[in-house]
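Overview (structure and organization)
What follows is the residue order along each chain.
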Amino acid sequence: MQLVFASNNKNKIKEIQILLPSMFQLLSLEDIGCLEDIPETADTIEGNAILKANYVTQNYGYNCFADDTGLEVYALNGEPGVFSAIYAGEQRDANDNMAKLLANLEGKTNRKANFKTVICLNLDGKQQLFTGIINGKIIEEKIGTNGFGYDPIFIADGYSKTFAELTLEEKSVISHRGMAVKQLVDFLK
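Residues numbered from 1 in each chain as written. Predicted model: local features only at pLDDT ≥ 70, side-chain atom pairs only at ≥ 80, totals over all residues. Heavy atoms only, no water.

**A closer look at the overall build of the chain**
Cut-off, in case you're wondering: What counts as a helix is a DSSP run of H or I of at least four residues, what counts as a strand is a run of E of at least two, and both are numbered from the N terminus. The atom set for the radius of gyration is the C-alpha atoms, and the globule formula is 2.2 Å times the number of residues raised to the power 0.38. Relative accessibility under 20% of the residue-type maximum defines a buried residue, over 50% an exposed one, and the middle range a partly exposed one, all with a 1.4 Å probe and only protein chains included. Note on definitions: a residue-residue contact is assigned when non-hydrogen atoms from the two residues lie within 4.5 Å. Under the convention used here, a 1.4 Å probe and the Shrake-Rupley method define accessible areas, while residue burial counts only the protein chains that appear. Charge convention: Lys and Arg are scored as positive, Asp and Glu as negative, and His as well as the terminal groups of each chain are ignored. In this description, the location of a charge corresponds to atom NZ of lysine, CZ of arginine, CG of aspartate or CD of glutamate.
Per the secondary structure count, the chain includes five helices and seven strands. Against the globule reference of 16 Å for 189 residues, the chain gives a C-alpha radius of gyration of 16 Å, in line with a compact fold. Structurally, the chain occupies a C-alpha span of about 50 × 30 × 25 Å along its principal axes. Buried positions account for 47% of the 189 residues belonging to the chain. Restricting to contacts in the chain with at least 6 residues of sequence separation, those with at least 24 account for 55%. Accessible area for the chain stands at about 9,400 Å²; split by element, carbon and sulfur atoms hold 48% of it. Put simply, the chain has 18 plus and 25 minus side-chain charges, and the middle of one group is 4 Å from the middle of the other.

**What about the environment of A180?**
Inspection of the secondary structure assignment puts A180 in helix α5 (residues 176-188). In this structure, the C-alpha to C-alpha distance between A180 and V4, residues 176 residues apart in sequence, is 16 Å.

**Topic: the side chain of K171**
Residue placement: K171 occurs in helix α4 (residues 168-174). Beyond its immediate sequence surroundings of up to four residues, K171 is in contact with E15, F148, D151, F163 and L166.

**Quick look at the packing of aromatic side chains**
To keep it simple, the criterion reads: The pairing test for Phe, Tyr and Trp rings, Trp by its six-membered ring, is centres within 6.5 Å, and the orientation test on the planes gives stacked under 30 degrees, edge-to-face over 60, and tilted for anything in between. By definition here, charges over rings are those cases where NZ of Lys or CZ of Arg is within 6 Å of the ring centre and within 35 degrees of the ring normal.
Counted according to the given criterion, the structure contains five aromatic pairs. Measuring from centroid to centroid gives 4.8 Å for F5 and F65, while their planes differ by 20°, and the two rings are stacked. Pair noted here: F5 is in strand β1 (residues 2-5) and F65 is in strand β3 (residues 64-73), with a separation of 60 residues, a long-range link. Note on F65: relative accessible area 0%, which makes it buried. Three or more aromatic residues link up through ring pairs in this structure, and these residues are F115, F154 and F163. The lysine or arginine in question, K100, covers the ring of Y87, its NZ or CZ lying 4.5 Å from the ring centre.

**Notes on the packing of helix α1 (residues 10-19) against α5**
The cut-off we apply is this: What counts as an axis is a line fitted to C-alpha atoms, over the stretch in contact for a helix, and the angles between N-to-C directions run from 0 to 180 degrees. Reported orientations rely on four angle classes, namely roughly parallel under 35 degrees, roughly antiparallel over 145, roughly perpendicular from 65 to 115, and oblique for the rest. With the far helix as reference, a near helix turned anticlockwise by less than a right angle produces a left-handed crossing, and one turned clockwise produces a right-handed crossing. As a working rule, the residues Ala, Val, Leu, Ile, Met, Phe, Trp, Tyr, Cys and Pro are called nonpolar, Asp, Glu, Lys and Arg charged, and the rest polar, with Gly in that last group.
Look at α1 against α5: their axes get within 10 Å of each other, and the N-to-C directions meet at 50°. With respect to α5, the axis of α1 lies oblique. Here α1 runs over α5; the crossing is right-handed. On the side of α1, the interface is formed by K12, E15, I16 and L19, while α5 contributes R177, G178, V181 and V185. Partitioned by chemical class, the residues of the contact of α1 with α5 number four nonpolar, one polar and three charged.

**Some thoughts on α5**
Cut-off, in case you're wondering: Here the expected length of a helix is defined as 1.5 Å per residue gap, with one fewer gap than residues.
Compared with the 18 Å implied by 1.5 Å per residue over 13 residues, the 19 Å span of α5 between its first and last C-alpha is a close match. Along α5, the residues classified as buried are H176, R177, G178, A180, V181, L184, V185 and L188.

**Section: α1**
Put simply, the test is: It is the directions from the helix axis to the C-beta atoms that the arc portrays.
Taken together, the buried positions of α1 are K12, I13, E15 and I16. Each buried residue of α1 sits inside an arc of 165° when the element is viewed along its axis, so together they form one side. Within α1, the exposed residues directed more than 90 degrees away from the buried face are K10 and K14. Looking at the buried positions of α1, the neighbouring elements they touch are β1, β2 (25-27), α2 (45-60), β3, α4 and α5.

In short, shape yes, function no, at least from these values alone.
Below you can see the structure in the form of structure tokens.
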């Protein structure tokens, strides 16, 4: 079964491909000829996932799924949340985003946070949402070189390594995205 994933983010595509059974062939936006940036103008993570999935279905006619992910930090009232990718500006630079987040957390003792992924599936005229959330904390400096985004400063509850210290396979099994993809796969089976 072919599934269009409404993304050209190579890191996300790799992460999701690992989690999908071999019966699913994953197609990226590039694979279907969608090279434009899909607007992410909703004020919630769920809203952005829906916008992206609907854009592909309406403009390209494919059944597809899209995700949106945000890091929600308790001491910052849920920031960066829906603005996680552009927290430090439109340049979408992970190091700039982490630097801003760490600066905003300076002096704060509550470093609890969670990663939240919402997947929106458009399949045969119906829409389903799947949500994965992993709780953890933000550490004070970057550790690790794997992963992407905020991975070097996030440690999941029950773990001693950052997401950036885990292998892609290890992270995929426990991550917010992994949880949401598992729900998607269970639904599709």
